[in-house]
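Architecture at a glance
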Amino acid sequence: MNKYVTQFKGIGQYGIFMAFVVVCLLLSFTTSKFLTVSNWTIIITQVSINALLAFGVTFVIITGGIDLSLGSIMAVTGVAAASLAHPDTYPVIVPLVIGLLAGVAMGALNGLVITKSKVPPFIVTLGMMTIGRGLALILSKGRPVSNLSDSFNFIGGGNVAGIPFPIIVLIISFIVCSVVLKKTILGRYIYAVGGNEQAAKASGIRVNKVKMAVYTICGGLAALAGILLTSRITTGQPNAGVGFELDAIAAAIIGGTSTSGGTGTMTGTLIGALLIGVISNGLDLLNVTSYYQQVVMGAIIIGAVVLDSWNQKTT
Amino acid sequence: MNKYVTQFKGIGQYGIFMAFVVVCLLLSFTTSKFLTVSNWTIIITQVSINALLAFGVTFVIITGGIDLSLGSIMAVTGVAAASLAHPDTYPVIVPLVIGLLAGVAMGALNGLVITKSKVPPFIVTLGMMTIGRGLALILSKGRPVSNLSDSFNFIGGGNVAGIPFPIIVLIISFIVCSVVLKKTILGRYIYAVGGNEQAAKASGIRVNKVKMAVYTICGGLAALAGILLTSRITTGQPNAGVGFELDAIAAAIIGGTSTSGGTGTMTGTLIGALLIGVISNGLDLLNVTSYYQQVVMGAIIIGAVVLDSWNQKTT
Amino acid sequence: MTSDYILQVNGLTKSFSGVKALDNVQLNVRKGEVHALMGENGAGKSTFMKILIGLLTPDAGEIIFEGNELKTGDVNDVLKKGISMIHQEMLIVPELTVAQNIFLGRESTSWLPSWLDDRSIDRQSEALLQQMGVAIHARTKMKHLSVAEMQMVEIAKAISNNAKVIIMDEPTSAISDKEVATLFNIIKDLKSKGVAIIYISHKMDEIYQIADTITVLRDGKYIGTKSASELDSKALITMMVGREMDDLFPTSSAVEGEEVLSVQHLSSKGKFNDINFEVHAGEVLGIAGLMGAGRTEIARAIFGLDSYDSGSVFIKGKKTSIKSPHEAIAHGIGYVSEDRKGLGFIPGLSVKENITLASLPNHAKGWFIQPKSENTVASQMINDLKIKTTNAEQKVRYLSGGNQQKVVIGKVLQASPELIILDEPTRGIDIGAKFEIYKLIHQLTAKGIAVVMISSELPEILGMSDRILVLSKGKQTALLSKEEATQETIMKFAMQH
Amino acid sequence: GQTNEKEQGDGAKKLTVGVTMLSMQNEFIVKVSDEIDKKAQELGVELITVDAERSALKQIEQVESFIAQKVDVIIMNPCEVEASSPAVTKALAAKIPIINVNSATSAKPTAFVGSDDVESGRIAMKFIAEKLGGKGNVFMMHGFMGQAAQIQREQGAREILKQYPNLKLVAHQTGEWDRAKSMSLMENWIQSYGKDINAVFAQNDEMGMGAVNALTAAGMKDKVIVVSIDAIPDALQAVKKGTLDATVFQNAEQQGAKAIETAVKIAKGQAYEKEVLIPFQLVTKENVGTFMK
Ligand SMILES: Nc1ncnc2c1ncn2[C@@H]1O[C@H](COP(=O)(O)OP(=O)(O)OP(=O)(O)O)[C@@H](O)[C@H]1O
Ligand SMILES: Nc1ncnc2c1ncn2[C@@H]1O[C@H](COP(=O)(O)OP(=O)(O)OP(=O)(O)O)[C@@H](O)[C@H]1O
Ligand SMILES: [Mg+2]
Ligand SMILES: [Mg+2]
């Protein structure tokens with residue numbers, strides 16, 4: 001009986017998957033352009049940046065936190081990397097590493113303030129959002145940093161065996177994040193801290209270290225997303241990524257991560273990100289006028305999650 | 001002795017007030033223009049819109065929810081009110097009532113979906129944010145609605161006995177919201193639902209009704225803010241209020257409302273909103289260059305809350 | 001002589017916002033002994049133990065473990081050195097499985113240093129639980145367990161740590177006699193291996209069954225340490241309470257009135273089946289059964305917290321279909337849940353606010369709460385139930401476990417019900433307060449209120465009930481009169497199927 | 001000319017044009033878009049119009065989607081000079097002609113229709129300089145920092161400021177293109193600088209109107225010159241009333257019409273102009289009548 005209950009929940013968890021399938025089916029019937037290889041390549045490439053952010057923020061939300069600074073971290077990373085990625089200056093590894101380090105450092109700073117001061121993550125990362133945006137503008141003097149090397153631009157624009165490089169990055173990140181969450185001690189501690197911080201503490205888990213880890217990872221993934229973005233638009237934009245954090249958080253929550261902490265999966269988050277991507281793509285394909293697009297987009301997202309929650313109730 | 005402890009807690013709760021005083025003192029020393037009646041009249045007028053939103057969202061956050069649709073509700077309200085407020089058409093009460101009803105309806109819809117479907121408030125109100133923005137654009141055909149009657153423009157721009165009307169609205173709203181939260185049955189239930197929803201239910205509280213109430217009130221206050229804004233800038237802007245929800249939520253959290261629900265006060269929220277307003281005003285007075293302004297703004301907000309949390313630890 | 005002691009605590013002091021919870025407390029624990037720590041609700045026992053395990057830091061004092069001073073405030077270090085603890089308020093992670101909870105912080109890893117090997121912990125947990133004789137699946141999520149099952153998992157967790165000192169803070173508050181017996185066997189086994197147990201409980205009989213030494217705290221102060229054999233229960237109570245106590249079960253003066261509640265053929269799939277009973281005004285109906293018998297589920301169904309599949313509930317002869325606690329309260333039903341943290345109180349609200357929560361409209365004019373009326377009933381309840389709190393404005397979060405329970409009872413009483421369902425009402429309540437609650441139950445019945453009392457403590461069931469309903473695995477196996485009921489008959493029916 | 005309407009001949013198969021606009025929440029852009037719509041209907045062209053919501057990334061994705069849908073021509077109203085460039089490169093690589101309307105990208109498109117934003121900054125600041133007789137304190141309100149229009153309008157304004165050494169730029173801040181934000185900013189400046197404010201250059205009309213509101217409320221409007229850019233109806237009204245001293249007219253109708261006309265020409269293989277520059281015009285009280293309908 002107990003076993004039965006646990007297994008059932010396993011499917012229910014991906015209830016949003018059913019909603020996703022429904023949306024895809026609807027789109028396939030209404031536009032012939034939807035279910036093509038080229039369109040799906042585009043969808044997944046487009047989704048990759050939001051998905052990377054969403055993976056990072058999933059870790060954070062499972063611990064019961066939130067990260068609003070993702071978009072700004074992307075901008076700082078992008079500007080930093082771009083200024084080192086002009087042709088014939090440094091090898092491409094330099095902007096990559098420096099960019100990633102910038103993101104990791106900002107994430108770690110978030111974690112440090114949150115664990116040392118007990119200021120709510122919402123405020124700390126909202127502050128970091130503003131600070132980061134300012135830093136990106138200062139670093140770039142308010143101007144886009146362009147003229148980037150071909151090897152740098154390959155990251156966001158290139159193909160390997162016909163597969164766009166961002167898709168490859170997405171797949172690898174998904175596997176790594178899933179493994180970290182499900183198969184490692186850190187992952188277990190992340191669930192424990194979010195599920196019951198007191199219990200985690202009483203079990204000898206160093207809660208602050210776990211929190212430091214998730215914000216740092218989240219910063220690192222935001223940096224990766226920032227580099228992808230910069231390379232894709234071949235410019236380091238100080239105002240890149242504005243509002244991206246909300247989409248990333250939405251993807252995670254649509255995918256079943258609860259803001260009260262303790263639950264969530266990377267698969268769910270991936271489906272959440274894909275759902276948003278597919279709706280946005282579909283509405284463009286159907287040529288829905290832009291004002292109505294927003295209304296429809298909002299309604300479908302709520303509808304999909306309602307479908308999911310009904311689904312979970314009946315199981 | 002016991003009384004002593006409780007009193008101490010009473011002040012500790014408003015620890016952010018000390019941080020606010022520190023920021024004000026610093027500004028008074030650095031610029032002589034800060035501590036003048038005319039400057040404070042302006043600060044409070046500017047703060048009034050964010051404060052109204054923050055009062056509404058404080059109710060919501062205390063129940064453990066969140067509302068991201070505030071900015072969009074403002075826009076819908078503003079556009080709806082403005083299109084009925086042209087000179088020599090309807091009496092000024094018509095745009096006011098219709099605008100308020102629009103906000104109340106959107107808030108109630110938020111509440112309805114949240115209580116009926118069990119979809120997380122984050123997703124429902126994020127969806128409503130997108131839907132509302134679309135509605136505002138549809139209603140206004142993407143164009144600002146201008147040419148408003150003088151009586152309508154008085155709401156945001158007029159004075160009564162030398163006091164700007166928005167300040168009067170702010171004070172009345174603050175008193176009403178404080179009283180509702182502290183002195184009425186609804187207020188008590190709001191705390192109970194956020195503090196422990198299951199226990200509240202087991203105490204006979206109709207949790208869904210309480211949630212409906214807070215989202216509806218929040219929508220109404222957002223509508224009021226939307227009308228103030230529209231009247232202040234003498235146009236109904238379909239893209240008004242973008243990002244205002246984050247500032248409002250920040251004000252509430254800075255003021256001590258916890259996102260995990262069950263705690264928060266209107267006084268705290270008011271101070272939170274004033275703190276943000278004062279910093280923004282001060283940085284303009286000091287003419288800090290705009291890139292650095294963002295960095296300083298973020299740092300001061302985090303700093304103030306850190307100060308607050310230290311303060312609370314020591315008491 | 002000192003080498004004899006595995007753990008020595010001296011001069012331990014701790015205050016919360018100026019109020020002293022512990023004042024210069026001491027404790028000396030020998031290897032292989034069961035050392036009982038006794039005291040009334042709010043005496044400071046849990047605070048003391050939380051300091052030992054490193055969850056709280058003391059203001060002053062030293063802790064010597066195996067001859068070395070123990071670093072305070074570092075749980076991880078304390079656990080590694082060999083002290084573990086069963087916490088009074090269950091510290092579990094609901095979304096993780098039973099095995100994952102048992103091995104939290106001590107995960108098995110395989111080929112990579114941080115690569116989880118969940119199969120190994122599943123296997124070990126399964127074995128451990130089987131050895132303890134509890135039928136809990138290692139891969140069930142913790143949130144699907146009943147409170148009693150959670151407590152068994154907590155016990156499993158603490159003993160699986162191979163600790164040299166195990167602190168048990170009210171380990172039996174949520175389990176029934178059968179599991180208590182299991183626990184005592186485990187304790188005996190641990191003792192023989194030289195493990196020291198610090199045991200906290202408000203159940204006197206337990207103390208005399210297993211304790212070797214008893215240390216008593218009162219109001220955060222150290223009162224004394226005695227060998228269990230040289231301290232009889234009267235003297236122990238006097239040490240704890242500071243005065244002598246009367247008989248535990250007061251006599252009732254209630255006369256049975258008309259029927260208040262009648263339950264007919266009540267069934268809920270997988271929970272309980274064909275339940276029939278009625279309760280009269282002025283009567284106490286006890287419900288006994290083993291852990292998981294379905295007692296709580298019946299109470300929840302009657303109170304409108306859960307729905308049921310078939311059968312009917314009559315209140316004063318009128319058939320009702322109660323679908324929410326709101327309706328139940330309107331019908332004059334009150335419910336004190338066994339899960340006080342989950343369903344009982346609002347931690348962030350004050351004692352006063354919790355007490356009036358279920359009856360707020362009675363203390364309001366229109367929408368507005370009348371502070372005077374609220375304050376009056378709150379201080380009355382605090383007096384009547386002897387709730388130990390700094391004042392009525394104190395947040396319930398900061399009360400000791402037993403006092404939180406009293407607040408919950410106070411809240412339900414305030415709603416002036418005609419029928420009260422008490423689910424494990426004296427869980428975690430000290431002996432003095434228990435007497436107060438028993439007295440209160442009789443006061444209620446004397447006023448013509450009907451009482452349903454679910455309890456896993458047989459003496460309590462026997463001492464208080466006019467009739468006793470016995471359940472086994474969701475089925476009703478007996479409805480005994482006061483005269484028929486003995487410990488043996490109840491146990492017989494509770495295990496029948 | 002490898003598109004498939006060749007076989008069916010002219011008019012048999014409608015031309016499909018993909019249009020991606022910077023932001024449909026901007027009144028000026030909406031006007032351009034409306035004009036494209038209107039003209040497209042006249043010319044019998046099918047349009048797919050999408051809103052990039054100010055995100056260059058989104059814009060690139062939309063162009064990618066146009067490519068996948070095999071539209072005949074793409075009209076792009078770029079979000080960014082640099083960041084929207086990959087869209088141009090991608091379209092050209094897929095052999096789909098792309099026309100930039102309103103503002104430029106660093107990658108060269110098939111054709112460009114629009115005006116040079118730097119010029120608008122020059123015109124506005126020049127008006128201030130002349131009004132103040134080359135001497136006085138100037139305040140500048142930026143758009144959203146780092147966006148192409150902000151950068152170029154600032155650049156133009158600063159070019160003129162260099163020519164007038166006695167014209168002092170006392171303070172400049174972002175008003176984020178927003179009327180409410182710029183109104184608060186102006187109020188704060190009034191507190192700080194009071195009577196020392198001689199002129200305000202706002203990089204769009206929304207912010208200009210915000211400044212006018214604040215100055216009017218403070219009773220200072222007649223002492224301070226306010227100039228902005230875009231010539232939205234509100235601003236034209238204000239110029240007529242004399243509250244806004246000047247705005248710079250950017251011809252939305254012409255930009256939209258010329259863009260779709262050029263697109264059709266390209267698709268049909270007719271001759272077309274590679275660069276259609278539509279001049280800015282200064283709007284003051286004297287000539288405002290000609291801009292109002
Ligand atoms: N965090 C806290 N803040 C303020 N007071 C506290 C806090 N924790 C405990 N107290 C107070 O300290 C005293 C001791 O509490 P403790 O929980 O140790 O009692 P206990 O002996 O375990 O009681 P019980 O038998 O009811 O579990 C109580 O008066 C309680 O109200
Ligand atoms: N949420 C749940 N999901 C799955 N099973 C549950 C859930 N809640 C309770 N159960 C199971 O239902 C059975 C009955 O539980 P219940 O709490 O009614 O027992 P009880 O008789 O009150 O005993 P006790 O209170 O001593 O645990 C238990 O076996 C428990 O495992
Ligand atoms: Mg205790
Ligand atoms: Mg039970």
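Structure first, text after, so check above.
Everything in this summary refers to the structure shown in the same document. The shown structure was predicted, so the numbers you read here are calculated from the model rather than taken from an experiment.

**Let's talk about the coordination of the magnesium ion (ligand 3)**
Residue and element names in this part refer to chain C.
- Only S46 (OG) and Q88 (OE1) from the protein reach the magnesium ion (ligand 3) as donors, at distances of 1.9 to 2.1 Å. One end of the pair, S46, is in helix α1 (residues 45-53); the other, Q88, is in the loop between β6 (83-86) and α3 (98-102), and 42 residues separate them in sequence. The same class applies to S46 as to Q88, namely buried.

**Examining the site of ligand 1**
Residues and elements named next belong to chain C.
- Taken together, 19 residues lie around ligand 1, and G42, K45, S46, T47 and Y398 are the ones closest in.
- Within the backbone of G42, one N or O atom sits 2.8 Å away from an oxygen atom of ligand 1.
- Between H202 and ligand 1, the recorded distance is 2.8 Å, taken from a side-chain N or O atom to an oxygen atom.
- Contact with the protein chains hides 84% of the accessible area of ligand 1, taken as 640 Å² for the molecule alone.
- Secondary-structure elements contributing two or more residues to the shell around ligand 1 are α1 and α14 (401-414).
- Residue contributions to the shell around ligand 1 peak at three residues, all from α1.
- Considering only residue class, the shell around ligand 1 consists of five nonpolar, 10 polar and four charged.

**Regarding the packing of aromatic side chains**
- Here the structure, examined in full by the defined rule, presents 13 aromatic pairs over all chains.
- Seen from their ring centres, F55(B) and F174(B) are 5.8 Å apart, and the 40 degrees between their planes marks the pair as tilted. Of the two residues, F55(B) is situated in helix α3 (residues 37-62) and F174(B) in helix α8 (residues 165-183); the sequence distance between them amounts to 119 residues.
- With a centroid separation of 6.3 Å and an interplanar angle of 70 degrees, the aromatic rings of F184(C) and Y199(C) are classed as edge-to-face. Of this pair, F184(C) sits in helix α6 (residues 177-192) while Y199(C) sits in strand β8 (residues 196-200), and the two are 15 residues apart along the sequence. Each member of the pair, F184(C) as well as Y199(C), is classed as buried.
- A cation over an aromatic ring shows up here: K492(C) above the ring of F493(C), its NZ or CZ 4.8 Å from the ring centre.

**Points about the relation of the copies chain B and chain A**
- Once chain B has been moved 0.0 Å along the axis and rotated by 180 degrees, it coincides with chain A to within an RMSD of 0.1 Å. In symmetry terms, the pair is related by a two-fold rotation axis. Across chain B, the rotation axis passes nearest the C-alpha of S260(B), at a separation of 3.6 Å.
- In this assembly the copies share their binding face: 98% of the residues contributing to the interface of chain B also contribute to that of chain A.

**Comments concerning the interface of chain B and chain A**
- With 40 residues of chain B in contact, the opposing surface of chain A contributes 39 residues.
- Counting each side, the surface lost to burial between chain B and chain A is near 3,300 Å², with a carbon and sulfur contribution of 84%.
- Here chain B and chain A share zero salt bridges between them.
- Of all the elements, helix α6 (residues 121-140) of chain B adds the most residues to the side of chain B that touches chain A, at 14 residues.

**Description of the layout of surface pockets**
- Computed from the structure, the second largest pocket encloses a volume of approximately 1,100 Å³.
- Lining the second largest pocket are 38 residues, with R232(B), T234(B), N213(D), T216(D) and A217(D) positioned closest to its centre.
- Breaking the lining of the second largest pocket down by element, the ones donating at least two residues are α3, α7 (150-157) and α11 (207-232) of chain B together with α7 (179-193), α8 (205-217) and α9 (233-241) of chain D.
- Among the elements that line the lining of the second largest pocket, the one with the most residues is α8(D), at six residues.

**Quick look at a positive patch on the surface**
- Judged by side-chain charge, K182(A), K183(A), R119(C) and R123(C) come together as a positively charged surface patch.
- Every element with two or more residues in the positive patch is listed here: α8 (165-183) of chain A together with α4 (118-132) of chain C.
- Exposure remark for R119(C): the relative accessible area of 67% places this residue in the exposed category.

**A few points about a nonpolar patch on the surface**
Residues and elements named next belong to chain B.
- Together, F17, M18, V21, L25 and F29 line one region of the surface with nonpolar side chains, adding up to about 510 Å² of accessible area.
- Structurally, the position occupied by M18 is in helix α2 (residues 15-30).
- Since its relative accessible area comes to 43%, M18 is described here as partly exposed.

**Section: empty space enclosed by the protein**
Residue and element names in this part refer to chain D.
- For the structure on display, the rule yields 11 cavities of 30 Å³ or more.
- Roughly 260 Å³ of internal volume is contained in the second largest cavity.
- Around the second largest cavity sit 18 residues that line it, and L22, N26, N102, A149 and R153 are the ones nearest its centre.
- Counting residues per element, the lining of the second largest cavity draws most heavily on helix α6 (residues 148-163), at three residues.
- Along the lines of polarity and charge, the residues of the lining of the second largest cavity split into eight nonpolar, six polar and four charged.

**Side note on the coordination of the magnesium ion (ligand 4)**
Residues and elements named next belong to chain C.
- Around the magnesium ion (ligand 4), the protein contributes the donor atoms T296 (OG1) and E338 (OE), at 1.8 to 2.5 Å from the metal centre. Residue T296 is located in helix α9 (residues 295-302), and its partner E338 is located in the loop between β16 (333-336) and α11 (340-344); the two are separated by 42 residues in the primary sequence. An identical accessibility class is assigned to T296 and E338; each is buried.

**Here we look at the site of ligand 2**
Residues and elements named next belong to chain C.
- Close to ligand 2 lie H144, S146, A148, E149, M291, G292, A293, G294, R295, T296, E297 and E338, which account for all nearby residues.
- A distance of 3.0 Å separates an oxygen atom of ligand 2 from a polar atom in the backbone of G292.
- Interatomic distance of 3.0 Å between a backbone N/O atom of A293 and an oxygen atom of ligand 2.
- Isolated, ligand 2 exposes 640 Å² of accessible area, and the fraction of that covered by the protein chains is 75%.
- Among the elements of the structure, α5 (147-159) and α9 are those that each provide at least two residues to the shell around ligand 2.
- Broken down by element, the residue count for the shell around ligand 2 peaks at three residues, all from α9.
- There are two domains that each give the shell around ligand 2 at least three residues, and those are domain 1 (5-241) and domain 2 (259-494).

**With respect to the environment of A202(B)**
- Within the secondary structure layout, A202(B) lies in helix α10 (residues 197-202).
- For the pair A202(B) and V160(B), spaced 42 residues apart in sequence, the C-alpha to C-alpha distance is 49 Å.
- Apart from residues no more than four positions distant in its own chain, A202(B) is found in contact with F303(C), P325(C), I329(C) and L343(C).

**Section: the sheet that holds strand β8 (residues 199-202) of chain D**
All names here are of chain D.
- As summarised here, the arrangement of the six strands in space is β7-β6-β8-β9-β10-β12, forming an open sheet in which the pairing is mixed. Each having just a single partner strand, β7 (167-174) and β12 (281-283) make up the two edges of the open sheet. On average, each strand axis in the sheet is inclined to that of its neighbour by 20 degrees, with strand direction left out of account.
- Bridge count between strand β6 (residues 136-142) and β8: four bridges; the pairing is parallel. Bridge pairing links M140 to F201 in β8.

**Re the packing of helix α5 (residues 93-117) of chain B against α11(B)**
All names here are of chain B.
- Interhelical geometry of α5 versus α11 gives an angle of 150 degrees and a closest axis separation of 7 Å. In this structure, the crossing between α5 and α11 has a hand that is right-handed. Residue-level contacts link L96, G99, L100, G103, V104, G107, A108, N110, G111, L112, I114 and T115 of α5 to N208, K211, M212, Y215, T216, G219, G220, A223, L224 and I227 of α11.
- In terms of residue class, the contact of α5 with α11 is built from 11 nonpolar, 10 polar and one charged.

Each value, and the rule that gives it
- Numbering of residues starts from 1 in every chain and runs along the sequence as written.
- Chains carry letters from A onward and ligands carry numbers from 1 onward, assigned in written order.
- Since the coordinates come from a predicted model, pLDDT governs what is reported: local features require at least 70, and pairs of side-chain atoms require 80 or more to be given and counted, while whole-chain, interface and lining totals use all residues.
- To obtain the side-chain values, all non-hydrogen atoms of the structure were included, while hydrogens and water were left out.
- Coordinating donors are taken to be N, O and S atoms lying within 2.8 Å of the metal, or within 3.2 Å when the metal is Na, K or Ca; because water is excluded from the atom set, some sites may appear incomplete.
- Strands are runs of DSSP state E lasting at least 2 residues, helices are runs of H or I lasting at least 4, and numbering of each runs from the N terminus.
- Type-normalised accessible area, obtained with a 1.4 Å probe on protein chains alone, sets the label of each residue: buried when under 20%, exposed when over 50%, and partly exposed for intermediate values.
- Being near a molecule or strand, for a residue, means having at least one of its heavy atoms within 4 Å of it.
- Here a polar contact is taken to be a pair of N or O atoms separated by no more than 3.5 Å, where protein atoms must pair a possible hydrogen donor with a possible acceptor and residues adjacent in sequence count only if both atoms sit in side chains.
- Shrake-Rupley sampling with a 1.4 Å probe provides the accessible areas, and residues are treated as covered by the protein chains on show and by no other component.
- Side-chain classes are defined by residue name, with Ala, Val, Leu, Ile, Met, Phe, Trp, Tyr, Cys and Pro counting as nonpolar, Asp, Glu, Lys and Arg as charged, and the others, Gly among them, as polar.
- For this analysis, a ring pair means two rings from Phe, Tyr or Trp (six-membered ring only for Trp) whose centres lie within 6.5 Å, classed as stacked if their planes differ by under 30 degrees, edge-to-face if by over 60, and tilted for the remaining angles.
- Two thresholds decide whether a charge sits over a ring: the Lys NZ or Arg CZ must be within 6 Å of the ring centre and within 35 degrees of the ring normal.
- We superpose the copies by least squares over the C-alpha atoms of residues that have a pLDDT of at least 70 in both of them.
- In what follows, a contact means two residues having at least one pair of non-hydrogen atoms within 4.5 Å.
- Accessible area that two parts lose when put together, with a 1.4 Å probe and added across both, is what the buried area reports.
- Just to be clear on terms, a salt bridge is a Lys or Arg side-chain nitrogen sitting within 4 Å of an Asp or Glu carboxyl oxygen.
- The pocket and cavity definitions rest on a 1 Å grid over protein atoms only: a 1.4 Å probe that fits but cannot leave marks a cavity, an open set with protein on both sides within 12 Å along at least five of seven lines marks a pocket, and residues lining either have an atom within 4 Å of a point.
- Grid points are joined across faces, edges and corners, and a volume is the space filled by probe spheres set on the points.
- Exposure above 30% relative accessible area and the lack of any salt bridge qualify a residue for a patch; like charges then connect within 9 Å, and the nonpolar side chains Val, Leu, Ile, Met, Phe, Trp and Tyr within 5 Å.
- Residues counted as positive are Lys and Arg, residues counted as negative are Asp and Glu, and His and the chain ends are not counted.
- Just so you know, the charge point we use is NZ for Lys, CZ for Arg, CG for Asp and CD for Glu.
- Those domain boundaries reflect an automatic or database domain assignment.
- Two strands qualify as a pair provided that DSSP identifies no fewer than 2 bridges between them.
- Angles run from 0 to 180 degrees between N-to-C directions of axes, and those axes are lines fitted to C-alpha atoms, restricted for helices to the stretch in contact.
- Crossing handedness: left-handed means the near helix sits turned counterclockwise from the far one by under a right angle, and right-handed means the same turn made clockwise.

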